[in-house]
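# Structural overview
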Amino acid sequence: MKRGLYKRTLHGFLLFSLVFATSCVDDTYDLSKDIDMTVTVGGNLVTPVISTELITLDDFMELDNESDVKTRDNGDYYFGLNGEESNSYINVSKVFIDETSAKSNSSLMTFDRSLAINDEITQDIENLHPDFQIKNNEVPSDVVDVKETILEGSPLAINIHFPGSTNLKGIWLKSGFEINFPDYYILSEELGKDIYTLKDNTITLSKDLYIPASGKTIYIVCNGLNFEKAPEGEGFIKTDSHSYILFNTVLTTKGKAAVKASDLPVGQEEISFQISCDISMDGMELTNVVAQVDPEIDITVDPVKIENLPDFLSDDQIRLDIENPQVMLHINNFSPATVEINAKIKAYKNNQLTQEIGVGSMYNTAPIYAANGINNICLSTKGYSNSSESNISNVKVDDLSKLLTIIPDRIEITQIETSVLPEYYSIRLGDTYQFNTNYDVDAPLTFGPNLNIVYTDSISDLGSDLEDIEFKEIHALIDATNNIPLQLGLDAKPYDKNGQEITDVDVTINGNIMAGSMTNGQNSHLEIIIKSKTNSPIKGLDKILLQLTGTVPDNMGYQTLNKNQTIKFDNIRLKVIDGVTIDLN
């Protein structure tokens, strides 16, 4: 009997029992040394008993560094898929004060030479209250509301002058003269601190200020506007069609002015004239604001591809039941705004959509928020993460495991909708902020009762080995000790060299390999029978197609595959029923 036949047949029967066992039988074992080549026709022939060493899942997996199935430090297997970072940008439009207008306000003053004291005639200035309007006719729609702004532009100019013709040389505004601004102005005295002080939005002259007949301008820096302090009907105004900015400013003044009696025209006992005051500003831009904003954020994320799997996870019939798959979103938000995200996660196989789920408040999960800074957001079936990263926000997504029921070759996050939470943020209008997005998939190979692993292989080219031997029935008897938490079932079909199933040969497998655990191996017995249905010697057998199925028993709950889990085969022997006919020529 040819040595090759025995070796291939034994290897094949081990493959029946557990597909990966074929590589673990001692190839130096020569059955021809241990059996009597003289065969009694009609008798039963039994080979000697052999066993395998412990076979680990690591032996079977044969993972390389490129595999999408990876191993943790403790030996547990998991799907580890990494995406590519994508960059988006957040920009909130600039806002300008595009219209300012001033109404000059005048007060009539009369100075009588007879009232002079030490050559100075002093009068109260009354009813000098200039108007000033600040307006933006239409604010861009991505600026929703403004509480406060810092302004950039020219300072406010307080122009004091004398309309009409007069013989006046000039007047003095007396120390203590006040100009009061509404409290929504945010002012600074840096341009006038040598002539006035600023307190509670009131400018107070710290010394007498000479105003020549040609007029004089007092400058004050307006650093910003507090919209919350604006009177009703002013500030940030929203309508059904648009928003705009409006401030109607009225300044109030209080104090005295003086002229020198000696400056009055000769022979003139009194002089009357109008003193006017108005405000001007060349332009302003709202820069740093405290505002509600709603910019458009266009996020696109490249798909994650699943390309390198071990053979036993490659069959189209496989259906996984993974306990707690996790999609970890990594978002680095450089803007001050908190962004809410809703999206669809879609799984594809052979370019066909196999499953999609929605995540975010639109789809009845917990909201997904990306605040300023680094955000690690874990989407998972159970609501917890296996990651060691810090500051993880967990979002429970009940149907997430369905994405991997059929193992996809591509996972996409798409139909991403974003909105900024309606809160007030300190933000610089016109600036562009980066928004970086990446994600990875971590799915522990922890399987439940709906698991169905299918693996197909074959014992091929049997025709050349069987050309010198004829038999009607042969049995392979195998004992297995299984420390892998999968129940293993086997099926087989015979084929001829043309790939056609042979209908007059039966391949029967009695028994399954029962699921065990790392600490409690389960013993099982298998019997594999190849038998002629016609009572004639088996002819034309060239290939046996094998199908291995792996399941988790209902009573075991969820079980994790680990590289150190083992199976061992003992008492392996072949029994040929009713003898064999061997052509020794």
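Up top is the structure these notes are about.
Anyway, here's the lowdown on the structure attached to this text.

Reading the values: the criteria
Residues numbered from 1 in each chain as written. Predicted model: local features only at pLDDT ≥ 70, side-chain atom pairs only at ≥ 80, totals over all residues. Heavy atoms only, no water. Helix = DSSP H or I, 4+ residues; strand = E, 2+ residues; numbered from the N terminus. Rg over C-alpha atoms; globule rule 2.2 N^0.38 Å. Buried < 20%, exposed > 50% of the residue type's maximum accessible area, 1.4 Å probe, protein only. Contact = heavy atoms within 4.5 Å. Areas by Shrake-Rupley, 256 points an atom, 1.4 Å probe, with all protein chains shown as cover. Lys, Arg positive; Asp, Glu negative; His and termini not counted. Charge placed at Lys NZ, Arg CZ, Asp CG, Glu CD. Core = buried A, V, L, I, M, F, W, Y, C linked by side-chain atoms within 4.5 Å. Pairing = 2+ DSSP bridges. Axes fitted to C-alpha atoms, helices over the stretch in contact; angles between N-to-C directions. Salt bridge = Lys/Arg side-chain N within 4 Å of Asp/Glu carboxyl O. Disulfide = S-S within 2.5 Å. Polar contact = N/O pair within 3.5 Å; in protein donor to acceptor, adjacent residues only side chain to side chain. Patch = residues over 30% accessible without salt bridge, like charges linked within 9 Å, V, L, I, M, F, W, Y side chains within 5 Å.

### Some words on the overall build of the protein chain
When its secondary structure is counted, the protein chain shows three helices and 45 strands. Whereas a compact globule of 585 residues would reach a radius of gyration of roughly 25 Å, the protein chain reaches 45 Å, over 25% beyond that. The C-alpha extent of the protein chain, read off along each of the three principal axes, is 160 × 40 × 40 Å. Across the 585 residues of the protein chain, 48% fall into the buried class. Summarising the internal contacts of the protein chain: among those between residues at least 6 apart in sequence, 83% fall at separations of at least 24. A total accessible area of about 27,400 Å² is found for the protein chain, and carbon and sulfur atoms account for 42% of it. Of the side chains in the protein chain, 44 bear a positive and 87 a negative charge, and the two mean positions are spaced by 1 Å.

### Description of the nonpolar core
The biggest cluster of nonpolar side chains holds 154 residues, and the ones touching the most others in it are Phe 79, Leu 156, Ile 171, Leu 173, Phe 181, Tyr 185 and Leu 379. Filtering out sequence-adjacent residues up to four positions away, Tyr 185 remains in contact with Phe 132, Ile 134, Leu 156, Asn 201, Cys 222, Gly 224, Leu 225 and Thr 249.

### Quick look at the sheet that holds strand β39 (residues 487-495)
The strand order across the open sheet built from three strands is β36-β42-β39, with neighbouring strands paired in antiparallel fashion. Single-partner strands in this sheet number two, and they are β36 (453-459) and β39. Strand-to-strand twist of the sheet, defined as the mean angle between neighbouring strand axes without regard to direction, takes the value 20°. Here nine bridges tie β39 to strand β42 (residues 543-551), and the two strands are oriented antiparallel to one another. Along β42, the bridge assignment pairs Gln 487 with Thr 551.

### Some details on the pattern of salt bridges
Applying the stated rule across the entire model yields 15 salt bridges. As a salt-bridge pair, Asp 442 and Arg 72 come within 2.7 Å of each other at their nearest N and O atoms. Placement of the pair is Asp 442 in strand β34 (residues 432-444) and Arg 72 in the loop between β3 (69-71) and β4 (77-82), with a sequence separation of 370 residues. The closest approach of N and O atoms between Arg 428 and Glu 152, which form a salt bridge, is 3.4 Å. With a gap of 276 residues between them, Arg 428 in strand β33 (residues 425-428) and Glu 152 in strand β11 (residues 143-153) connect regions that are remote in the sequence. Residue Arg 428 is classed as partly exposed on the basis of its relative accessible area of 28%. With relative accessibility at 37%, the residue Glu 152 sits in the partly exposed group. Each of Glu 120, Lys 174 and Asp 208 takes part in a single network of salt bridges with overlapping partners.

### Some remarks on the side chain of Ser 243
Tracing the chain through its elements places Ser 243 in strand β21 (residues 243-250). Residues in contact with Ser 243, not counting those within four places in the same chain, are Asn 137, Glu 138, Val 139, Phe 236, Ile 237 and Lys 238.

### A short note on the state of the cysteines
One pass over the full model with this rule turns up zero disulfides. Of the cysteine sulfurs around Cys 222, a residue in no disulfide, the closest is that of Cys 277, at 16 Å. The class of Cys 222 is buried, set by a relative accessible area of 8%.

### So, the side chain of Asn 226
By the element assignment, Asn 226 lies in strand β19 (residues 216-226). When its relative accessible area of 12% is taken as the criterion, Asn 226 is described as buried. Of the polar contacts made by the side chain of Asn 226, one reaches the backbone nitrogen of Glu 228; its length is 3.0 Å. Not counting chain neighbours up to four residues away, the residues in contact with Asn 226 comprise Lys 147, Glu 148, Tyr 184 and Ile 186.

### Side note on the environment of Ile 572
If you trace the backbone, Ile 572 turns up in strand β44 (residues 566-577). A relative accessible area of 3% means that Ile 572 is categorised as buried.

### Topic: a negative patch on the surface
Taken together, the side chains of Asp 58, Asp 59, Glu 62 and Asp 311 present a region of like negative charge at the surface. Looking at Asp 58, the relative accessible area reads 34%, which means it is partly exposed.

### What to know about unusual backbone geometry
Even without being a glycine, Glu 62 presents a positive backbone phi close to 50°. Mapped onto the elements, Glu 62 comes out in the loop between α2 (57-61) and β3. Not every positive phi belongs to a glycine, and Gln 415 is a case in point at roughly 50°. Examined against the element boundaries, Gln 415 turns out to sit in strand β32 (residues 410-420).

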